[in-house]
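Close look at the chain arrangement
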Amino acid sequence: MLHIGSRSKTISLSDYKVTNGYGFHYRPSIVRCNCNPASSVGAQEVKERIRKTFGKIEISPSCYDTAWVAMVPSRDEPKQPCFAQCLDWILENQREDGSWGLSPTHSLLVKDSLSSTLASLLALSKWSVGHKLVQRGLDYIGRQSWSIDNKGQISAAGFDIIFPSMIKYAGELNLNVPLDQSLVNVLFQKRDSAMERMLQNDLKECKTKLAYYYAEGLGELCQWEELMTYQKKNGSLFNSPATTAAALIFHCHDEKCLGYINSILKHHKNWVPTIYPTTIPTRLQMVDTLQKLGVDRHFEAEIKTVLDETYRLWEQKDEEVSSDVAYCAMAFRLLRMCNYKVSSEELARFKGQEHIINSLNAQCTSRDDAILELHQASQLAFDEKDNILDEISTWTEALLQQELLEENNLDRMSQNEVQHALRNFSATLERAENRRYIESYDVNMFKFSKTAYRSPNIYNMNFLLFSMHDFNFCQTVHQQDIQELKRWYDDCKLDQLGISQKYIYTSYMPMSSLLFGPEFSDARSVFAKYVLLTTALDDFFDELASQEELLNLIELVKGWNRYSTIGYVSERVEILFLAIYNTFNEFAAMAEIMQGRCVKDQIFDLFLDVLNCMMREVEWWREEKTPSVEEYLSIACVTIAVKAILFTTQYILAPKLSEEVIKSAELGEICKCTTIVCRLLNDTQTYKKEKEERSSNIVNILVTQSEGTVSEEEAVEEVKEMLEKNRRKLLRMVLHKKESSQLPQVCKDLFWNTSKVAHILYSNGNEFRSPEGLKSNINTLFYKPVDLSPTQA
């Protein structure tokens, strides 16, 4: 039967008030609030600014790439720069310490600044300008030379070849770089070794990687004729301004290369980014960021526009989506999660770990980003045997686990993302993850390609402010829900049935974390109340009641409208029945308002089925009967009450559901999968306890009926296989859009969210199950607002 968790001390509710410099003001109210969380003037302004962000792609200037473009000579006058405006930009953008690089900089980017500074010095020296700036830049390199062999510093993958090669170019320009000769010798040894390893590798992917990362460093030694075969439709080499500029410097004045750089400067005037174009990848990251911050529901129209365009390009196998490992995986994940028909066959080329690690070339993203994205995409397998996604999941999980062991490689935000990715995809408190992401969100966060860069479309103050406001607003609504549940709990006298007030939180928290919008307040309340009543009923049948009391309760439910003439054999029966009677009448009244018709009989019939099946389980126990697996599932999937809870909750959600939809095969099948998933999850966690109690459980049934040929461990594995099969089938029905489907998506999502609730409740070692973890989550989700102070932001 249903087991929610252990009982412990009740957590008390306390009011709070937060005022900050951004115009947001919160105070709990005893009145249920269903208004728009973006209704305050300040929040609405921020929301509108975010909307406008979708229409304008922004990226930070790259000093490194701009310097390489500045070094391109004019075709007609080789002693003059082809792109003088870029040279002027370099002259105007030296930092106070004499360096060039990402602004504002970061303590881990000293090595990156050295690359940008040396590239800028090469550009100035090549055209004999900015002599004072050159000296200041050389002084900076001398002061920061410690970082060159510092493993704690972040740098581009090509640093070991490009940086020493730039030192060589500097010598050819009579530019004396102030580095210790022993260090320079070590750098050249590393460069030669790296080049030899790469050149000896026959893999096409490695040669491409060599060309992308090291083209500037190889110079005239690069096999440019072969490299030009990778030229994209837009004229670039790997969407890299620096690599494309190197082709113009060391190979030839290719018109398509020139056209590519001119197209960038037409947009950015006098500087270039480290990657271009970035329209689709940046917008995909925007969608992903808004989802992780928990505010994507406020931008549904904008997100649909992005995903529609991405899907169009996906269908065309356009290189803007397919050429980059990370963005291809991200596109697959976002499209599949939003019901677009995308096949995992498109990810087949990423199955093998060695192949992928070697082929992470010409990427806008880092190796770690690509592995993280592939792992997240691999969790969306919804075919019974999806070998492609399963193979990707296996090797990416191993690598991500290794990344966590080497924590110095990850910043706080990246650590949170990796930890989240490695949690059971189906067993996460989404709102808790939203909060973690908000609290680790850094508006100054950078990404890495050939050099560090930032994009205001992904990291900006508006995203942070709006998500904080939204979280805190939803929190106040959840507090009101909980207060209402506490009043209901007292009215029903559930404490007298042994139901701790803590159960209010265990029944409300999982669904409120998945269905957290203020507009779903009534649905959350109905779900929580039904779970609480089912818990009381479960205990009543399992532990408390006599045969006479059980029969009395069933008789009262059957004689619903004449219960007063039947009477009660005990006070416990009276308390439980009246709690059920009053609450279910409330459910029926709410459902009638939402559906525009009376569905009272359907709600009561579903509940009566639960009671009758619970009675059947009691009979098995008393007769010491072991049912067959099929017989057990036919009963146990009813007693877990998932169907009754979900059908009742569905009636409270916004869409009106016709009798045709309620009786449809589609709804029946999606409900069947959900109940099986929930039942099997329960059984894999409770089989030892139920073995001692002689209660029915599928694990114990499999062992008993095998007559010694199946061990307990083997039975558990068999059940887990059955569970995974149904979980994937459920996910397919929820995400795979069918033209013939009549079931609204919000209802499909309710079934998937319920399966996630079951995963949360029955996961091994889940922090939600322990008293300490429960208390922490209660405070985090319901009572401790996200800090809105300017210093935190």
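Calculation notes
- Residues numbered from 1 in each chain as written.
- Predicted model: local features only at pLDDT ≥ 70, side-chain atom pairs only at ≥ 80, totals over all residues.
- Heavy atoms only, no water.
- Helix = DSSP H or I, 4+ residues; strand = E, 2+ residues; numbered from the N terminus.
- Contact = heavy atoms within 4.5 Å.
- Areas by Shrake-Rupley, 256 points an atom, 1.4 Å probe, with all protein chains shown as cover.
- Axes fitted to C-alpha atoms, helices over the stretch in contact; angles between N-to-C directions.
- Parallel < 35°, antiparallel > 145°, perpendicular 65-115°, else oblique.
- Left-handed = near helix turned anticlockwise from the far one by under 90°.
- Nonpolar A, V, L, I, M, F, W, Y, C, P; charged D, E, K, R; others polar.
- Phe/Tyr/Trp six-rings, centres within 6.5 Å; stacked < 30°, edge-to-face > 60°.
- Buried < 20%, exposed > 50% of the residue type's maximum accessible area, 1.4 Å probe, protein only.
- Core = buried A, V, L, I, M, F, W, Y, C linked by side-chain atoms within 4.5 Å.
- Domains from an automatic or database assignment.
- Expected span 1.5 Å × (residues − 1).
- Arc of directions from axis to C-beta.
- Salt bridge = Lys/Arg side-chain N within 4 Å of Asp/Glu carboxyl O.
- pLDDT = per-residue confidence, 0-100.

Next up on the list: the overall build of the protein. Broken down by element type, the protein carries 35 helices and 4 strands. Counting only contacts in the protein whose residues sit at least 6 apart along the sequence, the fraction spanning at least 24 positions is 73%. Only carbon and sulfur atoms are counted for the fraction: they give 48% of the accessible area of the protein, which is about 33,000 Å².

Running from N to C, helix H29 (residues 642-652) and helix H31 (residues 665-693) cross one another at 130°; their axes reach a closest spacing of 9 Å. One way to sum up the angle between H29 and H31 is to call them oblique. The two elements H29 and H31 cross, and the hand of that crossing is right-handed. Residue-level contacts link Val-642, Lys-643, Leu-646, Phe-647 and Gln-650 of H29 to Leu-667, Cys-671, Thr-674, Thr-675 and Cys-678 of H31. Partitioning the contact of H29 with H31 into residue classes produces 6 nonpolar, 3 polar and 1 charged.

Turning next to the packing of aromatic side chains. A full pass over the atoms with the stated rule returns 34 aromatic pairs. Measuring from centroid to centroid gives 5.8 Å for Tyr-230 and Phe-238, while their planes differ by 35°, and the two rings are tilted. Between Tyr-441 and Tyr-459 the ring centres are 5.8 Å apart and the planes differ by 45°, which places this aromatic pair in the tilted class. Residue Tyr-441 is located in the loop between helix H20 (430-440) and strand E3 (447-448), and its partner Tyr-459 is located in the loop between strand E4 (452-453) and helix H21 (461-492); the two are separated by 18 residues in the primary sequence. Given the relative accessible area of 6%, Tyr-441 is considered buried. What makes Tyr-459 buried here is its relative accessible area of 10%. Members of the aromatic cluster, joined through ring pairs, are Tyr-530, Trp-560, Tyr-563, Tyr-568, Phe-577, Tyr-581, Phe-584, Phe-587, Phe-604 and Phe-607.

Next up on the list: the nonpolar core. In terms of nonpolar packing, the biggest core is built from 185 residues, with Leu-537, Phe-541 and Phe-584 touching the most fellow members. Split by domain, the residues of this core number at least three in each of domain 2 (277-463) and domain 3 (493-783). Core analysis: the second largest hydrophobic core is formed by 66 residues, Leu-114, Ile-141, Leu-237 and Val-272 among them.

Taking 1.5 Å as the rise per residue, helix H6 (residues 159-172) with 14 residues should run 20 Å; its terminal C-alpha atoms sit 20 Å apart, in good agreement. Counting buried positions along H6 yields 10 of 14 residues, so the element is predominantly enclosed. Every buried residue of H6 is accounted for by Phe-159, Ile-161, Ile-162, Phe-163, Pro-164, Ser-165, Met-166, Ile-167, Tyr-169 and Ala-170. Of the residues one or two after H6, Asn-174 is the one with positive phi, at around 60°.

The first and last C-alpha atoms of helix H5 (residues 131-143) sit 19 Å apart over 13 residues, in line with the 18 Å expected at 1.5 Å per residue. Listed in full, the buried residues belonging to H5 are Leu-133, Val-134, Gly-137, Leu-138, Tyr-140 and Ile-141. Axial view of H5: buried residues confined to an arc of 155°, hence all on one face. Summarising the geometry of H5, the exposed residues directed more than 90 degrees from the buried face are His-131 and Lys-132. Those residues of H5 that are buried are in contact with helix H3 (84-92) and helix H4 (110-126).

Bringing the side chain of Ser-62 into the picture now. Relative to the assigned elements, Ser-62 resides in the loop between helix H1 (41-53) and helix H2 (63-70). A relative accessible area of 2% places Ser-62 in the buried class. Once residues within four sequence positions are removed from consideration, Ser-62 is found in contact with Trp-271, Val-272, Pro-273, Thr-274 and Thr-451.

With that out of the way, let us pick up the pattern of salt bridges. Tallied over the entire structure, the rule returns 33 salt bridges. Between Arg-597 and Glu-659 there is a salt bridge, with the nearest N and O atoms lying 2.9 Å from each other. Of this pair, Arg-597 sits in the loop between helix H26 (571-595) and helix H27 (600-623) while Glu-659 sits in helix H30 (residues 659-662); the two residues are 62 residues apart in sequence, bridging distant segments of the chain. The class for Arg-597 is partly exposed, based on a relative accessible area of 22%. Across the pair Glu-666 and Lys-748 runs a salt bridge, and its minimum N-O distance is 3.7 Å. Here Lys-748 lies in helix H34 (residues 745-762) and Glu-666 lies in helix H31, a separation of 82 residues in the sequence. Residue classification places Lys-748 among the buried residues on the basis of a relative accessible area of 4%.

Taken N-terminus to C-terminus, the directions of helix H12 (residues 279-293) and helix H15 (residues 325-337) make an angle of 50°; their axes are 10 Å apart at the nearest point. Overall, the two elements H12 and H15 adopt an arrangement that is oblique. Remark: the crossing between H12 and H15 carries left-handed chirality. In contact with Pro-281, Leu-284, Gln-285, Val-287, Asp-288 and Gln-291 of H12, H15 contributes Tyr-327, Met-330, Ala-331, Arg-333 and Leu-334. Per-class residue counts for the contact of H12 with H15 are 7 nonpolar, 2 polar and 2 charged.

On to the environment of Arg-49. You can see Arg-49 is positioned in helix H1. With a relative accessible area of 38%, Arg-49 lands in the partly exposed category.

Mean pLDDT over the protein: 86, with 88% of residues reaching 70 or higher. Low pLDDT (under 50) marks residues 1-38, which in the prediction has 124 contacts with non-local residues, meaning those over four places away or in another chain.

With that settled, consider unusual backbone geometry. Negative phi is the rule for most residues except glycine; trans is the rule for most peptide bonds. Cis geometry marks the peptide bond from Ser-103 to Pro-104; its omega dihedral reads -10°. Mapping Pro-104 onto the fold places it in the loop between H3 and H4. In this structure, the amide linkage connecting Tyr-276 to the following residue, Pro-277, adopts the cis form with an omega of 0°. Counting through the fold element by element, Pro-277 comes out in the loop between helix H11 (255-268) and H12. One non-glycine residue, Ala-641, adopts positive backbone phi at about 65°. Inspection of the secondary structure assignment puts Ala-641 in the loop between helix H28 (629-639) and H29. A relative accessible area of 1% places Ala-641 in the buried class.

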